[in-house]
Structures are given as structure tokens and as C-alpha cells.
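Results of the structural survey
The chain contents come next:
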Amino acid sequence: MEITVFDKDLQKRINDAIYNISALAVSNRSARKDLLRLRKELKILKKMIQKDYISYDDTITIKGEFGVVLISLSILSQKYKRIKNQLEHIQDLLLT
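Below is a summary of the structure that appears in this document. In this text, all values refer to a predicted model and were calculated from it rather than measured experimentally.

Conventions used here
- Residues numbered from 1 in each chain as written.
- Predicted model: local features only at pLDDT ≥ 70, side-chain atom pairs only at ≥ 80, totals over all residues.
- Heavy atoms only, no water.
- Helix = DSSP H or I, 4+ residues; strand = E, 2+ residues; numbered from the N terminus.
- Rg over C-alpha atoms; globule rule 2.2 N^0.38 Å.
- Contact = heavy atoms within 4.5 Å.
- Lys, Arg positive; Asp, Glu negative; His and termini not counted.
- Charge placed at Lys NZ, Arg CZ, Asp CG, Glu CD.
- Expected span 1.5 Å × (residues − 1).
- Buried < 20%, exposed > 50% of the residue type's maximum accessible area, 1.4 Å probe, protein only.
- Core = buried A, V, L, I, M, F, W, Y, C linked by side-chain atoms within 4.5 Å.
- Salt bridge = Lys/Arg side-chain N within 4 Å of Asp/Glu carboxyl O.

Concerning the overall build of the chain
Looking only at helices and strands, the chain has four helices and two strands in total. Counting from the amino terminus, helix and strand elements in the chain follow one another as β-α-α-β-α-α. What you see for the chain is a C-alpha radius of gyration of 14 Å, in line with the 12 Å of a compact globule of 96 residues. For the C-alpha atoms alone, the extent of the chain along its principal axes is close to 45 × 20 × 20 Å. The long-range fraction of contacts in the chain, counting pairs at least 24 apart against all pairs at least 6 apart in sequence, stands at 70%. For the chain, the distance from the average site of its 18 positive side-chain charges to the average site of its 12 negative ones is 12 Å.

As C-alpha cells, then:
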């Protein structure tokens, strides 16, 4: 079975995204519930990636979680026009 190790750069990007979403949730009352739910998903993803070695099945799960986060960011940016730029920045941060 193949074993994948995720680089520290991805962990840093996820940490930065969690921080940015937390700051955005504090400043935007209308989107707070959705943003905190998204932050929870990112924390789950962070916990999965922090393992030393990840099996192939875990890699598929992580890629699925990552896709859910990106789609959620896209949906939220369409729903909340006022914070669209910040959400797109977070999405770009995760994709780079």
C-alpha cells in the first residue's frame, strides 16, 4: 500500500486559512455560523494531515475533505457578497 507524507507547506496554508476564517467570522456577524462550520472542517483536515504517515485510503479521504472545503468557500463567496474577496483570498491561499 502506498504511503504519502504531506509537506509542511500545506499544513501552514491550512493554519493560515483557519486563522483568516476565524478573523472573518469575528468581523462578520451574518456569516459567522457558516464560517465557523467551515473552520471546523479545516480543523478536521488539519488533524488528518498531521499524522506522520498517511495510507492511500487516508489520502483519498483527505482529498475529498479538501474538495469539500474548496466548494464550501466557493458557495459562501456567492452567498455573502460583502466578504467575497476575503473568501476568494482564502481559497487562493489553499490552492497555492
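Section: helix α1 (residues 8–27)
For α1, spanning 20 residues, the distance from its first C-alpha to its last is 29 Å, which sits close to the expected 28 Å at 1.5 Å a residue. Taken residue by residue, α1 has L10, Q11, R13, I14, A17, I18, I21, S22, L24 and A25 as its buried positions. The inward-facing, buried residues of α1 abut α2 (32–49), α3 (56–79) and α4 (84–95).

Section: the environment of Q78
Following the sequence through the fold, Q78 ends up in helix α3. Spatially, the C-alpha atoms of Q78 and L95 are 18 Å apart, while their sequence positions differ by 17 residues.

A word on the nonpolar core
In terms of nonpolar packing, the biggest core is built from 26 residues, with I14, L35, L42 and L94 touching the most fellow members. For this core, the secondary structure elements donating two or more residues are α1, α2, α3 and α4. Ranked by residues supplied to this core, first place goes to α1 with seven residues. Residue contacts for L42: discarding those within four places in its chain leaves I14, A17, I18, I21, V69 and L94.

Focus on the pattern of salt bridges
Under the definition given, this model contains four salt bridges. Across the pair D16 and K12 runs a salt bridge, and its minimum N-O distance is 3.0 Å. Note that D16 and K12 are positioned in helix α1 at a spacing of four residues, about one turn of the helix. Between K79 and D34 there is a salt bridge, with the nearest N and O atoms lying 3.2 Å from each other. One end of the pair, K79, is in helix α3; the other, D34, is in helix α2, and 45 residues separate them in sequence. On the basis of relative accessible area, D34 is assigned to the buried category, the value being 15%. In the salt-bridge network here, residues are joined through shared partners; they are D34, R37 and K79.

So yeah, pure geometry; function would need other evidence.
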